[in-house]
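Survey of secondary and tertiary structure
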Amino acid sequence: MTDDRLIVALDVPSALEGLQLAEQLGASVGFYKIGLGMLTGGGLALANELKTEQGKRIFLDMKLFDIGATIEAAVRGLAQFDLDFLTVHGDPHVVRAAKEGASGKPMKILAVTILTSLDRADLDAGMIKSGDLPDLVAERAGRAFDAGADGVIASPQEAAMIRALPEAKGRLIVTPGVRPEGSALGDQKRVATPAQAIADGADHIVVGRPIWAAQDPRAAAEAILSQLRG
């Protein structure tokens, strides 16, 4: 049985390459993330293939943001694809609209708090209010939970703080920005190891480059899974 705590990000250029990677990983991985970069390369077709033909779970990482009516319509359309997770921005009006769009479907709505590639200097450039970044992440998470989010996306460095929130009871914490020991950071700034992220309260970790860029992707994935199992 696969350990679905590991979600592999299929950050490759096309659906064909994504399918090839999934074939390489085989039964070792049961949960995949498909993001915006794959959308024009056949991402929804790949999601459907992995879901219906291979029985994989699918996390569609769209990070939707718009007016409520548009979000509701977009999510209602995506919910027809029998996906497991969908991301939207964590603003309460977006989360509420997304939950309305997903009504009656099992798809979980995950709210993005603050991207794991950002630091305080980036927030200053974007005119985000002052304060320590972890505190802002926890505040956004709490507001997203209050708006009905099934879970949040946050860096592993904030997982423990979010897990401690009363509103987080029974909700999911999914952490990108996870890097095995010795891996390059890439475009991530707030990172932790796979085992640390889970120990701090994450339900799922998302790992991309350290797996798909490895000489042996399956061995890389299995090494991460062994770390999770201690």
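Residues numbered from 1 in each chain as written. Predicted model: local features only at pLDDT ≥ 70, side-chain atom pairs only at ≥ 80, totals over all residues. Heavy atoms only, no water.

A word on the overall build of the protein. On a plain count of helices and strands, the protein comes out with 11 helices and eight strands. Relative to the compact-globule value of 17 Å for 230 residues, the protein shows a C-alpha radius of gyration of 17 Å, a close match. Referenced to the eigenvectors of the C-alpha coordinate spread, the extents of the protein come out at roughly 45 × 40 × 35 Å. Per-residue burial over the protein gives 50% buried out of 230 residues. Considering only contacts within the protein whose residues lie at least 6 apart along the sequence, 65% involve residues at least 24 apart. Within the structure as shown, the protein displays about 10300 Å² of accessible surface, and the carbon and sulfur contribution to it stands at 53%. (Helix = DSSP H or I, 4+ residues; strand = E, 2+ residues; numbered from the N terminus. Rg over C-alpha atoms; globule rule 2.2 N^0.38 Å. Buried < 20%, exposed > 50% of the residue type's maximum accessible area, 1.4 Å probe, protein only. Contact = heavy atoms within 4.5 Å. Areas by Shrake-Rupley, 256 points an atom, 1.4 Å probe, with all protein chains shown as cover.)

Another point: the packing of aromatic side chains. One pass over the structure, following the stated rule, counts two aromatic pairs. Relative to Phe-85, the ring of Phe-31 has its centre 5.1 Å away and its plane inclined at 50°; by these criteria the two rings are tilted. Remark: Phe-85 occurs in strand E4 (residues 85-89) and Phe-31 occurs in strand E2 (residues 31-35); sequence separation between them is 54 residues. With a centroid separation of 6.0 Å and 65° between ring planes, the pair formed by Phe-59 and Phe-85 is classed as edge-to-face. Remark: Phe-85 occurs in strand E4 and Phe-59 occurs in strand E3 (residues 57-64); sequence separation between them is 26 residues. Of the aromatic side chains, those joined through ring pairs into one cluster are Phe-31, Phe-59 and Phe-85. (Phe/Tyr/Trp six-rings, centres within 6.5 Å; stacked < 30°, edge-to-face > 60°.)

According to the stated counting rule, one finds 15 salt bridges in the structure shown. One salt bridge connects Asp-150 with Lys-99, and the closest N-O pair in it is separated by 3.1 Å. Of this pair, Asp-150 sits in the loop between helix H7 (133-146) and strand E6 (151-153) while Lys-99 sits in helix H5 (residues 92-101), and the two are 51 residues apart along the sequence. The class for Lys-99 is partly exposed, based on a relative accessible area of 29%. Across the pair Glu-222 and Arg-218 runs a salt bridge, and its minimum N-O distance is 3.0 Å. Placement of the pair is Glu-222 and Arg-218 together in helix H11 (residues 217-228), with a separation of four residues, close to one helical turn. (Salt bridge = Lys/Arg side-chain N within 4 Å of Asp/Glu carboxyl O.)

Mapped onto the secondary structure, Ser-155 falls in the loop between E6 and helix H8 (159-163). Relative accessible area serves as the criterion here: at 0%, Ser-155 is assigned to the buried category. Of the polar contacts made by the side chain of Ser-155, one reaches the side chain of Glu-158; its length is 2.9 Å. (Polar contact = N/O pair within 3.5 Å; in protein donor to acceptor, adjacent residues only side chain to side chain.)

A few words now on helix H3 (residues 43-52). Turning to H3, its buried residues are Gly-43, Leu-46, Ala-47, Leu-50 and Lys-51. Buried residues of H3, viewed axially, fall in a sector of 125°; they line one side. Against helix H1 (15-25), E2, helix H2 (36-39) and E3 lie the buried residues of H3. (Arc of directions from axis to C-beta.)

One recurring pattern in soluble globular proteins is that nonpolar side chains are buried together. Of all hydrophobic cores here, the largest spans 64 residues; its most connected members are Leu-6, Tyr-32, Val-75, Leu-86, Ile-162, Ile-205 and Ile-211. Looking at which element gives the most residues to this core, the answer is H7, with six residues. Setting aside chain neighbours within four positions, we find Val-75 in contact with Leu-64, Leu-86, Ala-98, Gly-101, Ala-102, Met-107 and Ile-109. Of all hydrophobic cores here, the second largest spans 11 residues; its members include Ile-7, Ala-9, Phe-59 and Leu-172. (Core = buried A, V, L, I, M, F, W, Y, C linked by side-chain atoms within 4.5 Å.)

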